[in-house]
Structure formats: C-alpha cells, structure tokens
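# Coordinates in review
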Amino acid sequence: MSRVYTDKEILSIFNKTELHKDIKLSTWNWTKIVYEKIKPYCSSLSEGCSKGVIFLKDADFVIKVPFNTNDEDNWLMDFTGAINAVNHWDYCAVEEALYKLAKVKGIEACFLPIYEIGKINGYPIYKQPIGDIFACKGIMKYDHEKVETTTNNFYKQHKVPSEFKYRLPLEWVYDVILAYPTHLVVDLLSFIKNNITDLHSANIGYYKNKPVIIDYAGFNEYSYPSSYSDSSEEYYSTQSYL
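Below or above, wherever it landed, is the structure these notes cover.

Conventions we followed
- Residue positions are given per chain, counted from 1 along the sequence in the order it is written.
- This being a predicted model, a pLDDT of at least 70 is required before a residue's local features are given, and a value of 80 or more before pairs of side-chain atoms are given or counted; all residues contribute to the totals for chains, interfaces and linings.
- No hydrogens and no water enter the side-chain calculation; it runs on all heavy atoms of the structure.
- Relative accessibility thresholds used throughout: buried, under 20% of the residue-type maximum; exposed, over 50%; partly exposed, between the two (1.4 Å probe, protein chains only).
- Only DSSP runs of H or I reaching four residues or more are called helices, and only runs of E reaching two or more are called strands; each is numbered from the N terminus.
- Directions pointing from the helix axis toward each C-beta atom define the arc.
- Contacts are residue-level and defined by heavy atoms, with any inter-residue pair within 4.5 Å sufficient.
- Note on terminology: a nonpolar core comprises buried Ala, Val, Leu, Ile, Met, Phe, Trp, Tyr and Cys residues joined through side-chain atoms within 4.5 Å.
- For two strands to count as paired, DSSP must find a minimum of two bridges between them.
- Here the axes come from fitting lines to C-alpha atoms, over the contacting stretch only for helices, and the angles between their N-to-C directions go from 0 to 180 degrees.
- A pocket here means an open set of points on a 1 Å grid, computed over the protein atoms alone, that has protein on both sides within 12 Å along at least five of seven lines. A cavity is instead a set of points where a 1.4 Å probe fits but cannot get out; residues with an atom within 4 Å of a point line either one.
- Grid points are joined across faces, edges and corners, and a volume is the space filled by probe spheres set on the points.
- Each residue gets one of three labels, nonpolar for Ala, Val, Leu, Ile, Met, Phe, Trp, Tyr, Cys and Pro, charged for Asp, Glu, Lys and Arg, and polar for the others, Gly among them.

## Observations regarding helix α1 (residues 7–14)
For α1, the set of buried residues is Ile10, Leu11, Ile13 and Phe14. On an axial view of α1, the arc spanned by its buried residues comes to 155°, and they lie on one face. Its buried side turned inward, α1 meets α2 (30–38), β2 (51–56), β3 (61–66), β6 (115–120) and β7 (123–129).

## Things to note about the side chain of Asp175
Tracing the backbone through its elements, the reader meets Asp175 in helix α5 (residues 170–179). Here Asp175 falls in the buried class, since its relative accessible area comes to 14%. Excluding its chain neighbours within four sequence positions, the residues that come into contact with Asp175 are Lys137, Tyr142, Tyr206 and Pro211.

## Remarks on the nonpolar core
Grouped together as the largest cluster of nonpolar side chains are 73 residues, with contacts concentrated most on Phe14, Leu25, Leu56, Phe111 and Ile213. For this core, the leading source of residues is helix α3 (residues 91–105), giving 8 residues. Those residues in contact with Leu56 that sit more than four places away from it in its chain are Tyr5, Ile10, Ile13, Phe14, Tyr41, Cys42, Ser43 and Phe61.

## Overview of the sheet that holds β7
The antiparallel open sheet is built from 5 strands, whose spatial order is β1-β2-β3-β7-β6. Two strands lie at the open edges of the sheet, namely β1 (42–47) and β6, each paired on one side alone. Averaged over all pairs of adjacent strands, the angle between strand axes in this sheet comes to 25°, irrespective of strand direction. Relative to β7, β3 runs antiparallel, the two being bridged by 4 bridges. Within β7, the residue paired with Lys64 across the bridge is Tyr126. Relative to β1, α2 is tilted by about 165°, and along the sheet it contacts β1 and β2.

## Quick word on the layout of surface pockets
One number sums up the size of the largest pocket: a volume of about 460 Å³. Forming the walls of the largest pocket are 24 residues, and the residues nearest its centre are Ser46, Val53, Ala202, Asn203 and Asp215. Elements supplying a minimum of two residues to the lining of the largest pocket: β1, β2, β3 and β7. When residues of the lining of the largest pocket are assigned to their parent elements, the largest contribution, 3 residues, is made by β2. Taken together, the residues of the lining of the largest pocket break down into 11 nonpolar, 8 polar and 5 charged.

## Concerning the pairing of β7
The buried count for β7 comes to 6 of 7 residues, which makes it a mostly enclosed element. As paired elements, β6 and β7 share 5 bridges and run antiparallel to each other. By the bridge assignment, Gly118 is partnered in β7 with Ile125. Between β6 and β7, which pair antiparallel and follow one another directly, the connecting turn spans 2 residues, one of which, Asn121, has a positive phi of 50°.

## A short note on unusual backbone geometry
We note that Asp198 has phi near 65°; this positive angle belongs to a residue other than glycine. One non-glycine residue, Lys208, lies in the positive phi region at around 50°. Assignment of secondary structure puts Lys208 in the loop between β9 (204–207) and β10 (210–213).

Encoded structure:
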C-alpha cells in the first residue's frame, strides 16, 4: 500500500539537502547534494540529462529535481534551451507549462501531470505520479504486422507526415490509437509534432494501463515564449495534419 505524503512533508525531507538557488547542479554532483542527504527516506533514484528523479519509500509519485548545468566532458556549462517563462534551464518547468497547454487542448489524459510543490532555499522541486516506462515493456507480445498496418493506415488517413513515423515507437502509438478517441489521437500527434522532442522509449509509457507521455520536456531543442497564458491558445501552435 502506498504511503500518503503531503507536499509539506516532502519539502521537510528535501530541506535536509544542500539545494539552494545559486547552486550548480548536474549529473556529476546531484547525488551528493541531494540523494545522499535524504537516502534513508528513499527507495531508489534515476537521472537523465536535465533532471534527477527521487523515489521516496512507499510513494506512488516521484520527485523531479531539475539540473541547471551540464557536466559533459567535465566542463560545467549552464543550460540555455529550457525557456519556460521563468529561466533558461529548468526543464521541469517546461513540462509543467506543456501540461497546462495540453489541458487547453483537452489532451491532458495522455500526459502524466507534473507540478512544482515548492522551493528549497529558492531551488524548485516537482512532483509527478509514477508511470511504467515503455522501455521496460516487452514488445514481443505484439502482432507486429497488425501494429504496422494499423499505425500506417492511421497516419495515412490523417495525413501524418511519413518522417513523423520514426519519432515514436510504433507499438506505443498503436496502444494510443486503441486507447483514445480518434480526434484525441490526432490532436495529440499534432501537439507532439509542434511542441515535443526527445520522446524515446524511456520517456513514454503507461499509467493505470493507459499509454501516456512521462517526460515531455525535450532537451535543448525547443523553446517557449518568455510568457504564456494558462487559458489562451495564443502560445499553442494550431497547425494540424488535417
């Protein structure tokens, strides 16, 4: 059974870390600054290029901690591609903004929600439900001929560009087509085309047996305006395949 954590409890745990607004945080040092300080409260951790992920014991959510620097080749370089109305480095804030845009379009069911729960000495941390990533799902059980035929017919019918076919695992797209109404799938693919990059097999998956996008921040490839409205479509590209 999952344990219920309040946001206040989570923040009190992360107050034991060395996070502060001026720190340089990257894949190189985040375990020492964050994870090692709260290890007794954690069951595991993972990381990507732009963020660390903490699994608290018995929780049904993860805590995402955005990095603000890249330590490639032992050189600390500030991130500059995550324009999100706040700064140029917080890719979790990009996800939060994208989720708000997805709600405007009525396709939020296809995304795991994420929100900032607060700041630790000025440094933001985020909360998101735990999903099952597609990379851990065996694809041998699929009828690959059926997957290919179904997805190709859908793409052809709705005029999805052929090059888009290779941006997402066909098996996951097949599950999306089966799980959601056609209009929602079309809107989702258009939204992905216009707004989201880097959807590899570890960034997509399932939540309560429904296909969802888990990590949708992209990486140094897509920029948001310096301001946006939660309720307006002004900052959502309405380009469609139809």
